[in-house]
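Structural features, examined
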Amino acid sequence: MFERKIYEERRSELKKSVGSGLILLLGNEECGMNYADNTYNFRQDSSFLYYFGLPFAGLAALIDVDNDREIIFGDELTIDDIVWMGTQPTLHEKAQRVGVQTTMPSSALRGELDKAVAAGRKVHYLPVYRPEHVLKLWKLLDIKPGTETPSVDLIKAVVDMRNHKRPEEIEEIERACNVTADMHIEAMKQLRAGMHEYELAAILESVAAYNNCPLSFPTICTVHGETLHNHYHGNLIEPGQMVLVDAGAETQMGYAGDMSSTICVDKTFTPRQKTIYDIQVASHLAAVEMLRPGVPFLDVYERAAEVICAGMKDLGILKGDPMEAVKAGAHAMFFQCGLGHMMGLDVHDMENLGEVWVGYGGKPKSTQFGRKSLRLARPLEEGFALTIEPGVYFIPELIDLWEGEGKFTDFINYKELNKWRDFGGIRNEEDYLITADGARRLGKKIPLTTEEVEALR
C-alpha cells in the first residue's frame, strides 16, 4: 500500500470532481473456482484499490460528497476465519491505514443508501463487470439486472485521475515492467526445439513467481501467433518455427507490466521470417517516434499501419498508395488489432469503465474492422502509461473470406498473399510513459530487432 496521505488526497480530488451525492465503490468477493472453498486467487477491484488501497475481500465503501464523510463497510473475521487464515487486522485497523475513520458492518450499507435515496440524493456507481456486483446493486438499490445506469460523472472523474499516472504509480509500474522484461529475456534464452509451449510458459512464469509477482493476465505462449489471444500451450515447438510470447507481471499493489516478443526457435531467423519481422519492427519504431503530448494516438496507429502496408507493397502483396489502403481498411488484412492501450492497475487500464471514456475521451469509436479494435485514440497527455504493440498476422480464414468476397482487390494482391498464408503472426510490445516533451520506455529493454533476439539465442 502507499502511504495514507495518498489515498486521502485521491478521495478528496474525487469529491471535488463529482461535486455532490454519494459515491458507492464495491470491492470484490472471493470467487469459487470449482467449489466455494477452492477459490481463484483474490484480486481486488482496481478502482476500489485506487481510492482505498485495501486488498481484502468483502469490502464496500461510501463517499458522501456533500457531508465529507467516508465509510468502509465489511465484517469482522470469525474464529473459524482465524483458524484457517490466521490473525488479521480488524476492519477499523484496515480503514485507519488509508485514513478512513468510520466503519460499519456490511448489513448497514443498505440503510445508508436508503436514507440517501429517500432524501432525493444521487448515488453514483461505476459500470459492473462481475455477476456479484450486479446482484449487489439489485440488493442495495433495487436495480434489476440489465437496468444499471452507471454515473457518467463518476466514470469521467475516475478515468481522468487514473489515466494520469503519478510518481508513486510510475515507480510501481516500472517494477512490474522490470520483472516482465526479465520474464521475456529468460524465455529468449531458454527456448529450444523439442520443448512444449507449456514448458516455455512455465519458465517465464517462474520468473514472476521468483519476484513475488502474480501474472497481470493469462500468458500467451504459442507457435500460432496468428491467433491474437492464444492461451493454449499444448503444441510441440519445432525447428523453423517462431514463438509469440505475450506475458506480464503484476506487483503486489496491483500494477501491471505487459510486453510481447516473437522468438525464433532456431538460433537465427530464416530470411522469410526476417522479412516480415523487420516490417513489424519498422512499424513499432515509427509509432514510438511519434509519442509526445498532444499527438492523437489515432495518428500514431495510422502511421504504424501505413508502414506495415508499405512493407507489404514492397513484397508485392499490396498495391496502390499505402495510406489510402489504411483509410479504406485494407491494412486490417495484416494488422487486425489495435496499436496499444492504457495500462496501470489493470493491464487494459479501466477497460470495465468503457473504452469510449478511457481511450477516446467520450468520442465514438470506429466500427471498421481492425480499427474498431483500437482501444486508444485520444490525444496523448503527460502521465499516460501505454503499450506499443503493432502486429503482422496472416490469418488463413480471413484471407479466404475476403478473397471470396472480392474485398479490397484494388489494394490486395491475393495471388501473392496466399504464398504467405501459413506464415503465422508477429507481435512485439513495449510499455511507455508520456513525458512533458516526449516519452520514455518503462522497464528494462527487451530485445526487439532480429539482431538483438539472435544475440540471446
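Residues numbered from 1 in each chain as written. Predicted model: local features only at pLDDT ≥ 70, side-chain atom pairs only at ≥ 80, totals over all residues. Heavy atoms only, no water.

1. Here we look at the overall build of the protein chain
Scanning the protein chain from terminus to terminus reveals 16 helices and 15 strands. A globule of 457 residues ought to have a C-alpha radius of gyration of about 23 Å, and the protein chain, at 24 Å, matches this closely. Taking the principal axes of the C-alpha coordinates as reference, the protein chain spans close to 70 × 45 × 45 Å. Expressed as a percentage of its 457 residues, the buried residues of the protein chain come to 54%. A sequence separation of at least 24 residues applies to 74% of the contacts in the protein chain between residues at least 6 apart. When the accessible area of the protein chain is evaluated, it comes to approximately 19,400 Å², of which 52% is carbon and sulfur surface. With 49 positive and 69 negative side-chain charges, the protein chain shows a spacing of 3 Å between the two charge centroids. (Helix = DSSP H or I, 4+ residues; strand = E, 2+ residues; numbered from the N terminus. Rg over C-alpha atoms; globule rule 2.2 N^0.38 Å. Buried < 20%, exposed > 50% of the residue type's maximum accessible area, 1.4 Å probe, protein only. Contact = heavy atoms within 4.5 Å. Areas by Shrake-Rupley, 256 points an atom, 1.4 Å probe, with all protein chains shown as cover. Lys, Arg positive; Asp, Glu negative; His and termini not counted. Charge placed at Lys NZ, Arg CZ, Asp CG, Glu CD.)

2. Details of the pattern of salt bridges
Under the defined criterion, the tally for this structure stands at 36 salt bridges. Note that Glu8 and Arg4 form a salt bridge whose closest N and O atoms lie 3.4 Å from each other. You can see Glu8 and its partner Arg4 sitting in helix α1 (residues 4-18), four residues apart, about one turn around the helix. Shared partners join several salt bridges into a network, and the residues in it are Arg11, Lys15, Asp68 and Glu70. (Salt bridge = Lys/Arg side-chain N within 4 Å of Asp/Glu carboxyl O.)

3. A short note on the layout of surface pockets
The gaps left among the atoms become clear once a water-sized probe is rolled over them. In this structure, the largest pocket encloses a volume near 1,000 Å³. Surrounding the largest pocket, 36 residues form its lining, Arg43, Gln44, Ser46, Glu250 and Leu345 being those nearest its centre. For the lining of the largest pocket, the secondary structure elements donating two or more residues are α1 and α2 (46-52). At four residues, α2 tops the list of elements feeding residues into the lining of the largest pocket. When grouped by side-chain class, the residues that make up the lining of the largest pocket number 16 nonpolar, twelve polar and eight charged. Approximately 660 Å³ is the volume attributed to the second largest pocket. Those elements that provide at least two residues to the lining of the second largest pocket are α3 (79-85) and α4 (91-97). The element best represented in the lining of the second largest pocket is α3, accounting for four residues. Here the residues of the lining of the second largest pocket sort into ten nonpolar, five polar and eight charged. (1 Å grid on protein atoms, 1.4 Å probe; cavity = no way out; pocket = protein on both sides within 12 Å on 5 of 7 lines; lining within 4 Å. Points joined across faces, edges and corners; volume = space filled by probe spheres on them. Nonpolar A, V, L, I, M, F, W, Y, C, P; charged D, E, K, R; others polar.)

4. Let's talk about the packing of aromatic side chains
Overall, the coordinates contain twelve aromatic pairs when judged by the stated rule. Seen in terms of ring centroids, Phe394 and Trp420 are 6.1 Å apart; in terms of plane orientation they differ by 20°. Their pairing is stacked. Taken together, the residues span a long stretch of sequence, with Phe394 in the loop between β12 (391-393) and α14 (396-405) and Trp420 in the loop between α15 (414-417) and β13 (425-427) at a distance of 26 residues. Phe394 sits in the buried class, given a relative accessible area of 1%. Ring pairing ties together the aromatic residues Phe334, Phe394, Trp420 and Phe423, which thus form one cluster. A cation sits over an aromatic face here: Arg10 above Tyr50, 3.9 Å from the ring centre. In this structure, Lys94 is placed above the aromatic ring of Phe56, and the distance from its NZ or CZ to the ring centre is 4.3 Å. (Phe/Tyr/Trp six-rings, centres within 6.5 Å; stacked < 30°, edge-to-face > 60°. Lys NZ or Arg CZ within 6 Å of the ring centre and 35° of its normal.)

5. Describing helix α6 (residues 131-141)
In an α-helix, one turn spans 3.6 residues; hence positions three or four apart end up facing the same way. Listing the buried residues of α6 in full gives Glu132, His133, Val134, Lys136, Leu137, Leu140 and Leu141. The secondary structure elements touched by the buried residues of α6 are β1 (22-26), α5 (109-118) and β7 (123-125). Backbone geometry just downstream of α6 places Asp142 in the positive-phi region, at approximately 55°.

6. Observations regarding the packing of α1 against helix α7 (residues 152-163)
For the pair α1 and α7, the least separation of the axes is 9 Å and the interaxial angle reads 140°. In this view, α1 runs oblique relative to α7, as classed from their interaxial angle. You can see that α1 and α7 cross each other, and the crossing is right-handed. Judged by residue contacts, Arg10, Glu13, Leu14, Ser17 and Val18 of α1 engage Asp153, Leu154, Ala157, Val158 and Met161 from α7. (Axes fitted to C-alpha atoms, helices over the stretch in contact; angles between N-to-C directions. Parallel < 35°, antiparallel > 145°, perpendicular 65-115°, else oblique. Left-handed = near helix turned anticlockwise from the far one by under 90°.)

7. A word on the sheet that holds β1
Sheet architecture is open: five strands sit in the order β6-β5-β4-β1-β7, paired in mixed fashion. Edge positions in the sheet fall to β6 (102-104) and β7, since each of these pairs with one other strand and no more. Geometrically, the sheet is characterised by an average inter-axis angle of 25° between neighbouring strands, direction not taken into account. Pairing of strand β5 (residues 69-73) with β6 involves three bridges; the strand directions are parallel. What sits directly across from Ile72, in β6, is Thr103. On the sheet, α1 packs against β1, β4 (60-64), β5 and β7 and is oriented at approximately 55° with respect to β4. (Pairing = 2+ DSSP bridges.)

8. Regarding the environment of Ala332
Positionally, Ala332 belongs in the loop between α12 (322-328) and α13 (355-358). Taking relative accessible area as the criterion, Ala332 reaches 0% and is therefore assigned buried. Remark: the alpha-carbon pair of Ala332 and Ile173, spanning 159 residues in sequence, is separated by 31 Å. Sequence-distant contacts of Ala332, defined by excluding residues within four places in its chain, comprise Phe369, Gly370, Leu398 and Trp402.

9. As for the packing of α5 against α6
It is at 9 Å that the axes of α5 and α6 come closest, and there the two elements cross at 60°. Considering their axes alone, α5 and α6 lie oblique with respect to each other. Listed contacts from α6 to Leu109, Arg110, Leu113, Asp114 and Val117 of α5 are Lys139, Leu140 and Leu141. Here the residues of the contact of α5 with α6 are counted per class, giving five nonpolar, no polar and three charged.

None of this, on its own, says anything about what the molecule does.
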